[in-house]
Amino acid sequence: MMERHNDRIENFLKKKNYDIRKSHNARWIDQKCAIDVVSFLAECILEFDQEENKSFTRTDIWHSQYAIDCVKFDFKKPDADTMGEKEYDKLFGNSIAMFHYAGILKARRSYKKRGKPYIYRVNDYEMLRYISSSPRSALTFLSVYIEKVLTDSGIIDVFDAFFEKQTYAALQKCRKDFGEFLIKYTGIQKPTEPNKIFIKVINPLAFMRNKCGYVGATISKGPITLSDIGYLRSNWYDEYLGKPKNITRSEHKENLPDEGLSRELEHRSNRAKNKVRNYNRDYNNSHSELHDEFYTDGSVEIHHIFPKRDYDLLVDRYENLIALTIEQHREHAHPHANMKEIVRSYQLKCILQKIDTIVEDEVKYGGCFYDFEEIKKVLAVGLDDEIFLLAGSPKDLRTMVEKKYEEIKE
């Protein structure tokens, strides 16, 4: 259940007083601390620190090949030489500074002189792994963390007043009071700077409360959504809808250059598989998700339900990936270990099981990793039918999938 994660976060945060009036630290959160960036930075730190207890600076992280590939392929940004070190410093430095203030990282100066970079070490691997698992997990952490900081700093009432009234005037007062607070108690001097931070503070709180927030310099028209707070995965379906309506997906695919999986697609695929593998390790004891007649307690492999060579748009969708035993994967999902072929009947079993996994993630863990809306999009692409987008519940979706496969069989 969601409370399980909230309790873990709250137990971690209650050990420290985050009162900005005492710390005078303006970098407890910053303008680049969007949920996908925060999750990405946690992932990069863990990838760099695989042996654990390894020291690093923020430049060590951004110069790592893993981080370079992620920035290039996932965030579509150029390298530091092209983009500028100042922007890279913000992209990486903002989240790292926030992790330090939260106590997830500990730090010391590399030299006694001022201006030298901090050297960091991980202080809490469990919390960092949780944040790295998905932007939704980062959102859960951020919302609890932000509320704790505002409460400790004696300014939470300003935000509560806005969430109660939900008017433009209340939003403007909240923004003004927050800005004056930061200028009074931190080193921030420019009056425009708090506005850049304000959106990263108010919108995670608004999302978790199902309230209006701050979009386009005004109050949002409705409750804040994931796409309003930097959730990269939310818009990928638009790319699929770019295909002409008068041709099938397979025909559309034939019109595209056949260059096999590019380095970018391979990177995205491997990154997503690692995330699903880690989730399966933490929440399913590294067992197969599918308990059929071929199930054993052996090691698992991560299988693309809709093959990556045919569905490049789905290579990094968590909802298109499932943990199977080696036998399930190589003998039953793919006939005779031929990875270029799939067994339709087994593909159906995998889809139905994946729906069950997503439901379990929602019921037990508050949807910390998977998203029911995403599996609908995966099926719309994989089975080339937008009807799946209309499914109102997992039960409805299962019925629609089974009906579709009956049609395919015929």
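To be clear, the structure that these remarks concern was listed above.
Bear in mind the structure is a predicted one, so any value in this text is a computation, not a measurement.

Here we look at the pattern of salt bridges
Pairing between side chains becomes possible if they bear opposite charge and their charged atoms approach one another. Tallied over the full model, the rule gives 28 salt bridges. For the salt bridge of Arg398 with Asp356, the shortest nitrogen-to-oxygen distance reads 3.0 Å. In this pair, Arg398 is assigned in helix H19 (residues 394-409) and Asp356 in helix H17 (residues 344-365), connecting sequence segments 42 residues apart. The exposure class of Arg398 is partly exposed, given its relative accessible area of 26%. Each of Glu264, Arg268, Asp316 and Arg317 takes part in one network of salt bridges that share partners.

A closer look at the nonpolar core
Of all hydrophobic cores here, the largest spans 118 residues; its most connected members are Trp28, Phe99, Phe141 and Tyr145. If we skip the residues at most four places from it in the chain, Phe99 touches Val38, Leu41, Ala42, Ile45, Ile104, Leu105, Leu128 and Ile131.

Things to note about the side chain of Asn203
Here Asn203 lies in helix H12 (residues 193-209). When neighbours within four sequence positions are excluded, Asn203 is seen to be in contact with Gly213, Tyr214, Ile224, Asp228 and Ile229.

What to know about helix H9 (residues 135-152)
The end-to-end C-alpha separation of H9 is 25 Å, in line with the 26 Å expected for 18 residues at 1.5 Å each. Counting buried positions along H9 yields 16 of 18 residues, so the element is predominantly enclosed. Immediately beyond the C-terminal end of H9, within one or two residues, lies Gly154, with a positive phi of roughly 75 degrees.

Regarding unusual backbone geometry
Its identity is not glycine, yet Asn53 carries a phi of approximately 65 degrees, on the positive side. You can see Asn53 is positioned in the loop between helix H3 (35-48) and helix H4 (58-62).

Things to note about H19
The periodicity of an α-helix, 3.6 residues per turn, causes residues three or four places apart in sequence to face the same way. Across its 16 residues, H19 extends 23 Å between first and last C-alpha, which sits within 8% of the 22 Å expected from 1.5 Å per residue. Every buried residue of H19 is listed here: Leu397, Val401, Lys404 and Tyr405. The arc that holds the buried residues of H19, viewed along the axis, is 95 degrees, so those residues lie on one side. For H19, exposure combined with an orientation more than 90 degrees from the buried face picks out Lys395, Lys403 and Lys409. On its buried face, H19 is in contact with H17 and helix H18 (372-382).

Cut-offs used in this document
- Residues numbered from 1 in each chain as written.
- Predicted model: local features only at pLDDT ≥ 70, side-chain atom pairs only at ≥ 80, totals over all residues.
- Heavy atoms only, no water.
- Salt bridge = Lys/Arg side-chain N within 4 Å of Asp/Glu carboxyl O.
- Helix = DSSP H or I, 4+ residues; strand = E, 2+ residues; numbered from the N terminus.
- Buried < 20%, exposed > 50% of the residue type's maximum accessible area, 1.4 Å probe, protein only.
- Core = buried A, V, L, I, M, F, W, Y, C linked by side-chain atoms within 4.5 Å.
- Contact = heavy atoms within 4.5 Å.
- Expected span 1.5 Å × (residues − 1).
- Arc of directions from axis to C-beta.

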